[in-house]
Amino acid sequence: MNNTALLNNAADNIRILAASMVEKAKSGHPGGAMGGADFVNLLFSEFLVYDPKNMKWEGRDRFFLDPGHMSPMLYSQLALAGKFSMDELKQFRQWDSPTPGHPEVDPARGIENTSGPLGQGHTYAVGAAIAAKFLKTKFGEQMNQTIYAYISDGGVQEEISQGAGRLAGHLGLDNLIMFYDSNDIQLSTETSAVTSENTAAKYKAWGWEVLEAAGSNVEQLRDALKKAQAVQGKPTLIIGKTIMGKGAVTADGSSFEKKCATHGMPLSECGASFEKSIANLGGNPENPFVIFPEVAELYAKRASELEVIVTKRYAAKAEWAAKNPEAAAKMKAWFAGAAPKLDWASIEQKSGQATRAASATVLGFLAKNVENMIVASADLSNSDKTDGFLKNTKAIAKDDFSGAFLQAGVAELTMACVCIGMGLHGGVIAACGTFFVFSDYMKPAVRMAALMGVPVKFIWTHDAFRVGEDGPTHEPVEQEAQIRLMEKLKNHHGQNSMLVLRPADVQETTVAYQLALENISTPTAFILSRQNIVDLPGTSYAQASKVAQGAYVVECDGNPDIVLLASGSEVATLVEGAALLRKDGIKVRIVSVPSEGLFRSQSADYQVSILPAGVKRFGMTAGLPVNLLGLVGENGSIWGLESFGFSAPYKVLDEKLGFTGVNVYNQVKALLK
Ligand SMILES: Cc1ncc(C[n+]2csc(CCOP(=O)(O)OP(=O)(O)O)c2C)c(N)n1
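This one's a predicted model, so the numbers in the text were calculated from it and none came from an experiment.

(A) Representation of helix 26 (residues 650–657) within the structure. Along helix 26, the residues classified as buried are Leu-653, Asp-654 and Leu-657. For helix 26, the angular spread of the buried residues around the axis is 105 degrees, confining them to a single face. Of the residues trailing helix 26, Gly-658 is marked for its positive phi of about 85 degrees.

What follows is the structure in C-alpha cells.
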C-alpha cells in the first residue's frame, strides 16, 4: 500500500503527460484521460500482476481498455511502467510512431487490445475471462489471472454492453473486474442529455456485483478493488465517479473541470490554459514530458514487488510442470498459437451434402482432436450446424468451464467480440457461427479482428437466396461482396487482412477448415450452403487440397472455348451447364474459386495457368456480380443477383432467378456468339 499523496502525484504525472501529448500533437482527447488517471495508476502500481521483463507471460493479469480515445492515459501509464519513452509520447499520433491516436494491440508494451470503436474493448475482456476460466480447468492455478476492463459512458451506452453484461453475469465471471469511468460527460453533451438509466441497477440485474467509489479517491478505489478481488461467483463493476479534465484550469486559474470541451481537443484550444493546467498539476509547462523522481521510484518499487510475485509464480509453474509434463507441454503449444497437427485426410465426408453439414462433420472431428478449441453460436447451433461440435462436448456454464461450446444467445456482435477476446487472451482457438445474413451484425468486430490479426473463425451458413421461404430478410446477397472486401485489404504485416472461403462441396469444406486452422495470423470466414450440393466431378480430399491456391481447375476439355468460374454451390450449377455445352461441341474449363484473395496471392504464372488470357470467361454468383468482376474481367459475363431476393421454395427461386444449368448454357452460348 502506497502513500496517498504519492499516488495522487503519480496520477497528476499521468494527467500532465496525457495533456501534453495531445497539446503537442494538436489533436486528441485529454479530458477523459485526466479523469481516469487515478484509477489506472492505482491498478498498475498496486494490483495488476504482470512481468515487466516478460510482458507476454501467459499467467499475467490483462487490462482491456474500451475507450480507445483515452490512449494518452494508457501510453502515459505504460510510460511510468517503463514501456514507452518520453520521445515516444512526444510522437503521439505521428507517422510510424508506437503511439497512434487509438491504441493498437501490442502486448509486449502492455497494450492488450486495439480499441476505438466504443463497446468492443470491454467485450473482449469478457471473452478473455471466459478463456481464462476454460484454461483453468486444464492448467489449474497457472491460469488464475484477473481480467480488468475499463469502460466509459460511451461503452456503457453502446448496445453491445447489453450482451457483454448479460453473458458475464450469466456465466458468473468472477475473474472479471470492470471499472466504469463515470464522469457524466461525453463527446457532445453531458450524459444526462441522453440517459437516465440506473446503471448500477442494470448491472446488478445481470448478476454483477456493483461497487461505487469516488473516481479520484485512491483509498476508496483501493477498497473497491480489494472487495472486487474477493467477490466470488460474479463479475464486479466498480462505478467510479471521475472528474472530466481533472486539474484543468483557465488562464485566470479558475477550474475548467467537468467540461465536454476537454473531451476531444487540446487544452489550449478548448478554453483551458495548457500552461496553467500543467503548473496546477505540479508540472513544468516548459518541459512537461518528465516522470517525477518520486513517481519513478514508485514504479521501480512496483517492479521489484512484481519480481517477487512472478518469481514465486514461475517457481510454482516449474513445480507444476515437473509433475504435469503433458499439461505443461500443451500450455506452451497452445499459447504459442501453433496450428494443431491433424490428419485432415482421415475425415470422412458423406457425399452430396450441404457444406454446412460438411462443416458439422469437420467440427465433430475438431471437437475430438483439438482440445483448446471453443465454438460459439448465437442461438442457431442446430441450424448453422455448429452442433456438430456441441454434440462432442458440452456447453460452458457458470461453475463449469470444462465444456468447449459457448451458447452466446442472440447477440452476434457480442459473440464475435467475445471470440476476439479469447483470441487476444491466447491459449484457445475460437470460432463462432450464425447465418451469413447476420454477418452484418458482426462486421464491426470482423474489422477489428482483421486489424488486430486475431485468427477467429467465422462460420456463416445459409449463404444465399436459397434460404428461400424465409424471404429477403434472411437472404444474403451483398454480404459476400462486403466480406470479400476484407480479402482485398492488407493488414499492417502486408497480409490479406482476412481469409474468406466459400467451398463448393464437402471435400472443399474439409480443406477450407484445414486452411482456417493453419491460418494463425488473420481471421477466416467460411461461407456455407444451407442446401445440399452435388459433389464436384472427381472430388476427393487430394483434389480439394488445391483450395489452398484460392482457385483451381476442376475440369478442362483440351484448349477450352470458355472458362466457367464460381464459388460455393454455383460451381455445381456450372457443371450442369457444362454438360449441355459439351453436347454442342463446346470445350469448357470449370474453375472453382473459393477465395479470390488467396488466388490473387499466388504467382502470376499460376494465375494465368488457371485463367488463360484470350479465353472468354463466364462467372456465376448467388451474390452481387461484383464478387467475380475481378476474375471475369470485361471480356466475359457474370450471372449474379441484383435484388434482395424473394420468398419462395429455393428450387423455384433457382428457376426464376436463372441459377440452372440451362441458363448457364444459354448465357454462354450468347457470350460465344
Ligand atoms: C462506436 C463508436 N461510436 C462513436 C465513437 C466516437 N466517440 C468517441 S468518444 C465518444 C463519447 C465519449 O464519451 P465517454 O465514453 O464518456 O468518454 P469521455 O468523454 O469521458 O472521454 C464518442 C461518441 C466511437 N469512438 N465509437
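Picking up where we left off.
(B) A look at the site of the ligand. Taken together, the neighbourhood of the ligand is formed by 17 residues, with Gly-32, Ser-152, Asp-153, Gly-154 and Gln-186 sitting nearest. Its residues placed into classes, the shell around the ligand shows six nonpolar, 10 polar and one charged.

(C) Looking closely at the sheet that holds strand 4 (residues 209–214). On the basis of which strands lie adjacent, the open sheet formed by five strands has the order 1-2-3-5-4 and parallel pairing. A strand with exactly one partner marks an edge of an open sheet, and here the two such strands are strand 1 (62–65) and strand 4. Neighbouring strand axes in the sheet, compared pairwise and without regard to direction, differ in orientation by 20 degrees on average. As paired elements, strand 2 (residues 147–152) and strand 3 (residues 176–182) share six bridges and run parallel to each other. Among the inter-strand pairings, Ala-149 is bridged to a residue of strand 3, identified as Met-178.

(D) A look at the pairing of strand 13 (residues 562–566). Where burial is concerned, most of strand 13 is hidden: five out of the five residues are buried. The alternating pattern of strand 13 places Ile-562, Leu-564 and Ala-566 and Val-563 and Leu-565 on opposite faces, both of which are buried. Relative to strand 14 (residues 588–592), strand 13 is paired through five bridges, and the arrangement is parallel. Paired with Leu-564 across the strands is Ile-590, a residue of strand 14. With helix 22 (residues 570–583) bridging strand 13 and its parallel neighbour strand 14, the resulting β-α-β unit is right-handed. Relative to strand 15 (residues 616–620), strand 13 runs parallel, the two sharing five bridges.

(E) Broad picture of the domain arrangement of the protein. Considered domain by domain, the protein is made up of domain 1 (4–306), domain 2 (344–527) and domain 3 (547–672). Here domain 1 and domain 3 have C-alpha centroids that lie 52 Å from each other.

(F) Here's a closer look at the nonpolar core. Among the nonpolar cores identified, the biggest contains 198 residues, and Ile-130 and Ile-420 are the most heavily contacted of them. Residue contributions to this core peak at 11 residues, all from helix 5 (residues 120–139). Discounting residues that sit within four places of it in the chain, Ile-420 has contacts with Tyr-124, Gly-127, Ala-445, Met-448, Ala-449, Val-454 and Val-456. By size, the runner-up hydrophobic cluster in this structure holds nine residues, among which are Val-477, Leu-641, Leu-653 and Phe-659.

(G) Geometry of helix 20 (residues 506–518). Look at helix 20: 19 Å from first C-alpha to last across 13 residues, which is about the 18 Å you get at 1.5 Å a residue. Of all the 13 residues making up helix 20, 12 are buried; the element is thus mostly covered by neighbouring parts of the structure. Within the span of helix 20, buried status applies to Val-506, Gln-507, Glu-508, Thr-509, Thr-510, Val-511, Ala-512, Tyr-513, Gln-514, Leu-515, Ala-516 and Leu-517. In this structure, the buried residues of helix 20 make contact with helix 14 (355–369), strand 9 (457–461), strand 10 (499–501), strand 11 (524–527), helix 21 (541–544) and strand 14.

(H) Local environment of the packing of helix 2 (residues 30–47) against helix 3 (residues 71–80). With their axes 8 Å apart at the nearest point, helix 2 and helix 3 run at an angle of 35 degrees to one another. Every pair of crossing elements has a handedness; the one defined by helix 2 and helix 3 is right-handed. Contacts between helix 2 and helix 3 involve Pro-30, Ala-33, Gly-36, Ala-37, Val-40, Asn-41 and Phe-44 from the former and Pro-72, Met-73 and Gln-77 from the latter. In terms of residue class, the contact of helix 2 with helix 3 is made up of seven nonpolar, three polar and no charged.

Rules behind the numbers
- Starting from 1, residues in each chain are numbered consecutively following that chain's sequence as written.
- Two thresholds apply to this predicted model, a pLDDT of at least 70 for residue-level local features and 80 or more for giving and counting side-chain atom pairs, whereas whole-chain, interface and lining totals are computed over all residues.
- The burial criterion counts other C-beta atoms lying within 10 Å of a residue's C-beta, which is placed from the backbone; the residue is buried at 20 or more, exposed at 12 or fewer, and partly exposed between these limits.
- Only DSSP runs of H or I with at least four residues qualify as helices, and only runs of E with at least two residues qualify as strands; both kinds are numbered from the N terminus onward.
- By construction, the arc corresponds to the directions joining the helix axis to the C-beta atoms.
- Placing a C-beta atom from the backbone of each residue, we mark the residue near a molecule or strand if the atom is within 6 Å of it.
- Gly is put with the polar residues, along with every residue not named as nonpolar or charged; the nonpolar set is Ala, Val, Leu, Ile, Met, Phe, Trp, Tyr, Cys and Pro, and the charged set is Asp, Glu, Lys and Arg.
- By definition, two strands form a pair when at least two bridges between them are found by DSSP.
- Axis lines are fitted through C-alpha atoms, for helices just across the contact stretch, and the angle between N-to-C directions can take any value from 0 to 180 degrees.
- Orienting the strands away from the viewer, one traces the path from the first strand over the helix to the second; a clockwise path indicates a right-handed crossover.
- An automatic or database domain assignment supplies the residue ranges for each domain.
- To define a nonpolar core, we join buried Ala, Val, Leu, Ile, Met, Phe, Trp, Tyr and Cys residues through C-beta atoms within 7 Å and take the resulting set.
- A residue pair is marked as a contact if its C-beta atoms, positioned from the backbone, fall within 7 Å.
- Expected span of a helix, by definition, is 1.5 Å for each gap between consecutive residues, and there is one gap fewer than residues.
- For any helix crossing, the convention is left-handed if the near helix is rotated counterclockwise from the far helix by under a right angle, and right-handed if that rotation is clockwise.

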